[in-house]
Amino acid sequence: MRIYAILIYIFLYAPIAFIVAGSFNAGRQAMVWQGFSLEWYGKAFSNPLIMEALTTSLTIAFANAVLSAAIGTLAALGLERVRGFLRAFFDSLIYIAIMVPGIVIGISTLIAFVSLFDAINPMLAFRLEMGAWAVIAAHVLFNTAVVALLVRARLQGMDRSLVEASEDLYATPLGTFRQVVLPLLAPSILAGFLLAFTFSFEDFIIAYFVAGPDVTLPIYIFSSIRRGITPEINAVGSVVLLTSFVLLILAQLILQRGERAKAA
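We now turn to the structure provided with this report. (Residues numbered from 1 in each chain as written. Predicted model: local features only at pLDDT ≥ 70, side-chain atom pairs only at ≥ 80, totals over all residues. Heavy atoms only, no water.)

1. Description of the packing of helix α4 (residues 85-99) against helix α6 (residues 132-156)
Let me state the cut-off plainly: Lines fitted to the C-alpha atoms define the axes, with helices restricted to the stretch that makes contact. Angles between their N-to-C directions range from 0 to 180 degrees. The helix and strand labels rest on DSSP assignments: H or I over at least four residues marks a helix, E over at least two residues marks a strand, and numbering proceeds from the N terminus. By definition in this entry, angles of less than 35 degrees are roughly parallel, angles greater than 145 are roughly antiparallel, angles of 65 to 115 are roughly perpendicular, and the rest are oblique. We call a crossing left-handed when the near helix sits turned anticlockwise from the far one by less than a right angle, and right-handed when that turn is clockwise. The contact rule is simple, with two residues in contact once any of their heavy atoms fall within 4.5 Å. Classification used: nonpolar for Ala, Val, Leu, Ile, Met, Phe, Trp, Tyr, Cys and Pro, charged for Asp, Glu, Lys and Arg, polar for all others including Gly.
Look at α4 against α6: their axes get within 8 Å of each other, and the N-to-C directions meet at 130°. Considering their axes alone, α4 and α6 lie oblique with respect to each other. At the point where α4 passes α6, the crossing takes the left-handed sense. Residue-level contacts link Arg-87, Asp-91, Ile-94, Tyr-95, Ala-97 and Ile-98 of α4 to Leu-141, Phe-142, Ala-145, Val-146, Ala-148, Leu-149, Arg-152 and Gln-156 of α6. Taken together, the residues of the contact of α4 with α6 break down into 10 nonpolar, 1 polar and 3 charged.

2. Overview of the packing of aromatic side chains
Quick note on the threshold: Only rings of Phe, Tyr and Trp enter the pairing, Trp through its six-membered ring, and a pair is recorded when the two centres are within 6.5 Å. The plane angle decides the type: under 30 degrees is stacked, over 60 is edge-to-face, the rest tilted. Think of it in three bands: residues with accessible area under 20% of the maximum for their type are buried, residues over 50% are exposed, and the middle band is partly exposed, with areas taken using a 1.4 Å probe on protein chains only.
Evaluation of the coordinates by the stated rule reveals 12 aromatic pairs. Measuring from centroid to centroid gives 5.5 Å for Phe-89 and Phe-90, while their planes differ by 65°, and the two rings are edge-to-face. Judged by its relative accessible area of 32%, Phe-90 is partly exposed. Judged by centre distance (6.0 Å) and plane angle (80°), the ring pair of Tyr-208 and Phe-222 falls under edge-to-face.

3. Let's talk about the nonpolar core
Generally speaking, a soluble globular protein has its nonpolar side chains buried in company with each other. We count it as follows: Think of a nonpolar core as a cluster: buried Ala, Val, Leu, Ile, Met, Phe, Trp, Tyr and Cys residues, connected wherever their side-chain atoms sit within 4.5 Å.
Phe-201, Val-210 and Leu-217 are the most contacted members of the largest nonpolar core, which has 39 residues in total. For this core, the elements supplying multiple residues, two or more each, are α3 (48-79), α5 (102-120), α6, α8 (173-201), α9 (205-210), α10 (217-225) and α11 (231-263). The leading source of residues in this core is α6, at 8 residues. Filtering out sequence-adjacent residues up to four positions away, Leu-217 remains in contact with Ile-50, Ala-53, Leu-54, Ser-57, Phe-201, Val-236 and Val-240. Ala-69, Val-147, Val-151 and Leu-185 belong to the second-largest nonpolar core, a separate cluster that totals 9 residues.

4. Re the environment of Val-236
Checked against the element boundaries, Val-236 lands in helix α11. Spatially, the C-alpha atoms of Val-236 and Ala-44 are 6.7 Å apart, while their sequence positions differ by 192 residues. For Val-236, the residues in contact, after removing those within four places along its chain, are Ala-44, Ile-50, Leu-217 and Ile-221.

5. Topic: the pattern of salt bridges
As a reminder of what qualifies: Salt bridge, as used here: a side-chain nitrogen of Lys or Arg that lies within 4 Å of a carboxyl oxygen of Asp or Glu.
A full pass over the atoms with the stated rule returns 2 salt bridges. The closest approach of N and O atoms between Lys-43 and Glu-39, which form a salt bridge, is 2.7 Å. With Lys-43 and Glu-39 both in helix α2 (residues 39-45), this residue pair falls 4 residues apart, about one helical turn. The closest approach of N and O atoms between Arg-152 and Asp-91, which form a salt bridge, is 2.7 Å. With Arg-152 in helix α6 and Asp-91 in helix α4, this pair connects stretches of sequence that are 61 residues apart. Comparing Arg-152 with Asp-91, the two get one shared label, buried.

Below is the structure:
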């Protein structure tokens, strides 16, 4: 079993290791090793096209994470008060939002926006078009469900006696939420924020359909590798991988810390 486990991990992470190793190649050919060098990281971050795409991706990811964390938290709080058939129905919608393939979300969002633009643009003095804001809207659809599930799980394990004690002490509903509920939910909200940021930052499929003239970093990478894989692209890919891994690990640590604090 250990051998099988090792082989599985090699199968999963060997391609990633090749990308990272290739980013340190001194030669111009990614598949021909010509010595160790950090040259391509410097060239990648001095490339204005890459930096513009990186800025666009970071802007989209941050806006999506903020909106998803806020809307997902409110949705979880609202669903906690729903019972019976309606709760099962809305729970199903949340799970479906996560299970739907990205290509379906991208196509459906594209069709919805195009139909909306055709109806609204003739009545406006300016013209609505696809762009970064459309990517944010599409990403929020998916990531709101992720945040809602994390916050719901935290709510279900929360000690309700704390809320009741706050109400017994004549705290207002807003005061109870701000001083009792929100601090308890903070780890799951922050973890949801980080996961939403990660999923948005590394997304290609949905952004490819609705980004319009705006270019995100994954779209830039995809366009570049059509001309061949270079150490510069490997350097950009390594940075994206490192960012995603760090944020995912940080989100996991925050969730585990929250669970330990709840158990204590």
